[in-house]
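Analysis of the macromolecular model
In case you want the letters, here they are:
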Amino acid sequence: MSYLDLENTTSPEMKYILSDENMTKIYRRIWIALAEAEQQVGLNITDAQIAQMREKCDEIDLDLINKLQKRYGNLTIAAIEEFGKVAPLAEPIIHLGATTNDLIDNGNLIWMKEATQLLIEKMLKVVANLRVFVDQYKDMPILGYTRLQAAQPVTVGKRAAVWLQDAMFDVLALQEQIDGMYFRGLKGATGTQASFFALLDGDMDKVEKLDRLFSQKLGFQKLMPITSQIFTRKVESKLMSALAGIAETSQKVGNDIRILAMLKELEEPVPAEQVGSSTMAYKRNPWIAEDLVGYGKFLITLLPAVFQATGQEMLEQSCDNLAVRILSIANIFKAADTCCEKLITMTSGIMVYDKIIKRNLEQELPFMAIENIIMEAAKKGADRQDMHHILKEISMETVRRVRVEGLDNNILERVIENDAIPLDRADIERIVAPEKFIGMAARQVERFIKEDVDPFLSRNGVTGGTMVCCNTYKNK
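1. What to know about the packing of helix α7 (residues 156-179) against helix α19 (residues 441-459)
Viewed as axis vectors pointing N to C, α7 and α19 meet at an angle of 25°, and their least axial separation amounts to 10 Å. In terms of orientation, α7 and α19 fall into the roughly parallel class. For α7 against α19, the interelement crossing comes out left-handed. In this structure, α7 contributes Gly157, Lys158, Ala161, Leu164, Gln165, Met168, Val171 and Leu172 to the contact, and α19 contributes Ala441, Gln444, Val445, Phe448, Asp452, Val453 and Phe456. The class makeup of the residues in the contact of α7 with α19 is 10 nonpolar, three polar and two charged.

Structural data, given as structure tokens:
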């Protein structure tokens, strides 16, 4: 198996949406909708013809289509002829009045809508998984980092709530694209609807009604008022930009998990038989996290090709950018699907090592507590400036001890032992309790879940979390 082959990482559901079989079924759905709409506006199309098209919709001979395409050099003609063989009653009216882009462009919008809906469903699983994780660890203090340097503590749940919020934004962006997606409809060879105008004897009202009926039958309420032979490719570029949000989230989660794994605080789910290295038997590489970053990067690199293809359409249509559009868009969906699958796996079993988290926090927290110690000593009658001078000296010596000598941070013991500082061990332990330094973290998470996440999941038909496992390694 090739590690870099997207076919090996794309889900069966996405593969099917992109398959020749599904595309052929979509084309047939288009022809059925066209026939039904044409019948409704008065063309001589019988119920028997439509019934046979429906009955034979799934009876597909892909080998015959391929043979016919090679013969004619035209996929549309090949697909029409093959459908006519299995639905002979309908053969005279299949594709009646339509041009190739009435088929292909509308077909592309249909499969992209289906694929986007699949990704929404997968990202909702990610949201549900993270909701459980965030709630479980909302009040577990962990060292925060800004610019990858130790900073004020946060909580495990608060940090993961950033991932959760990003995943929700991705769902909203994708849903917005589906809800606002315009359909090309029946516009003919150059967008003038001339063929349908002629077919309906110049009745403009009927042409417009046909366009609306056809689009509604295929699940689209918004109809592009203006097209050339093609629909504006901005529809695609806007959708691809929304898909890039999944890549952004994937890279953020992947990079954070990689750093936390290096710190030995959190770790991705690790199969029992996973081998990290062919030589270093102890290694457990963050493969899922690395893949999230890698596939996210790959997806984003494809965006310029889509935007270039949009900008390089000439007049009513040109096909010199067809290959880059098809290859880029298909691979963007495959990469987004791979990212979703890996996000689901990642968020289904993040491992949390609470003792390491506590140890790392204890190494840095005493430095952050110095100002609080000064204030508490001043409350007990000590001179604030004297306390500042003493604690600065203790701090600098401790920094040297930790960084130069590689010893543990013993600043608190030195503070307790210093007779000039009027604080005992109980005072110091109370001052440096980790929960004193996490501010509103737990409250923020609670409100976020209650006011945003749970209503969001409920609106999308998701109740409760789907977390497979959520492991905290305590007393191990």
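Still more to cover.
2. Focus: the pattern of salt bridges
On inspection of all chains with the given rule, the structure shows 24 salt bridges. The salt bridge partner of Arg447 is Glu451, with a shortest N-O separation of 3.1 Å. Here the residue Arg447 and the residue Glu451 both occupy positions in helix α19, the gap between them amounting to four residues, near one helical turn. The class of Arg447 is partly exposed, set by a relative accessible area of 40%. For Glu451, a relative accessible area of 46% corresponds to the partly exposed category. Put simply, Glu376, Lys379, Lys380, Asp427 and Arg430 are held in one network by salt bridges that share partners.

3. Side note on helix α12 (residues 303-311)
Residues of α12 that are buried include every one of Leu303, Ala305, Val306, Ala309 and Thr310, and no others. Down the axis of α12, the buried set is contained in an arc of 165°. They therefore lie on one face.

4. Here we look at the nonpolar core
Met240 and Phe333 are the most contacted members of the largest nonpolar core, which has 111 residues in total. For this core, the element with the highest residue contribution is helix α6 (residues 100-136), accounting for 17 residues. For Met240, the contacting residues outside a window of four places in its chain are Met112, Leu303, Val306, Ile329, Ile332 and Phe333. Counting residues in hydrophobic clusters, the runner-up holds 23 residues, among them Leu143, Leu361, Ile370 and Ile431.

5. Overview of helix α3 (residues 47-55)
Every buried residue of α3 is accounted for by Gln49, Ile50, Gln52 and Met53. The buried residues of α3 occupy an angular sector of 160° when projected down its axis, which confines them to one face. Counted as exposed and oriented over 90 degrees from the buried face of α3: Asp47, Arg54 and Glu55. Lining the buried residues of α3 we find α2 (20-40) and α5 (75-86).

6. Concerning the confidence of the model for the protein chain
Averaged over every residue, the pLDDT of the protein chain is 87; the share at 70 or more is 91%. Between the elements of the protein chain, mean pLDDT differs from a low of 50, seen in strand β5 (residues 471-472), to a high of 96, seen in α3. Here residues 465-470 is modelled with pLDDT under 50, and outside its nearest four sequence neighbours on either side it reaches 21 contacts, counting other chains as well. Confidence drops under pLDDT 50 across residues 472-476; counting only partners more than four residues distant or on other chains, this segment forms 11 contacts.

7. Remarks on the packing of aromatic side chains
Summed over all chains, the structure comprises six aromatic pairs. Here the aromatic rings of Phe133 and Tyr137 are separated by 4.9 Å at their centres, their planes lie at 45°, and the arrangement is tilted. The exposure classification of Phe133 matches that of Tyr137, with both residues buried. Site record: aromatic cluster; members linked through ring pairs are Tyr27, Trp31 and Phe83. Stacked on the ring of Phe220, the Lys or Arg Lys113 has its end atom at 4.4 Å from the ring centre.

8. Brief notes about unusual backbone geometry
Most peptide bonds adopt trans geometry, and most residues besides glycine take a negative phi value. Non-glycine residue His95 carries a positive phi angle of around 70°. Along the chain, the position of His95 falls in the loop between α5 and α6.

9. With respect to the side chain of Thr398
Along the chain, Thr398 falls in helix α16 (residues 384-403). Among all residues touching Thr398, those that are not within four sequence positions of it are Phe367, Asn409, Asn410, Ile411 and Arg414.

How each quantity is defined
Residues numbered from 1 in each chain as written. Predicted model: local features only at pLDDT ≥ 70, side-chain atom pairs only at ≥ 80, totals over all residues. Heavy atoms only, no water. Axes fitted to C-alpha atoms, helices over the stretch in contact; angles between N-to-C directions. Helix = DSSP H or I, 4+ residues; strand = E, 2+ residues; numbered from the N terminus. Parallel < 35°, antiparallel > 145°, perpendicular 65-115°, else oblique. Left-handed = near helix turned anticlockwise from the far one by under 90°. Contact = heavy atoms within 4.5 Å. Nonpolar A, V, L, I, M, F, W, Y, C, P; charged D, E, K, R; others polar. Salt bridge = Lys/Arg side-chain N within 4 Å of Asp/Glu carboxyl O. Buried < 20%, exposed > 50% of the residue type's maximum accessible area, 1.4 Å probe, protein only. Arc of directions from axis to C-beta. Core = buried A, V, L, I, M, F, W, Y, C linked by side-chain atoms within 4.5 Å. pLDDT = per-residue confidence, 0-100. Phe/Tyr/Trp six-rings, centres within 6.5 Å; stacked < 30°, edge-to-face > 60°. Lys NZ or Arg CZ within 6 Å of the ring centre and 35° of its normal.

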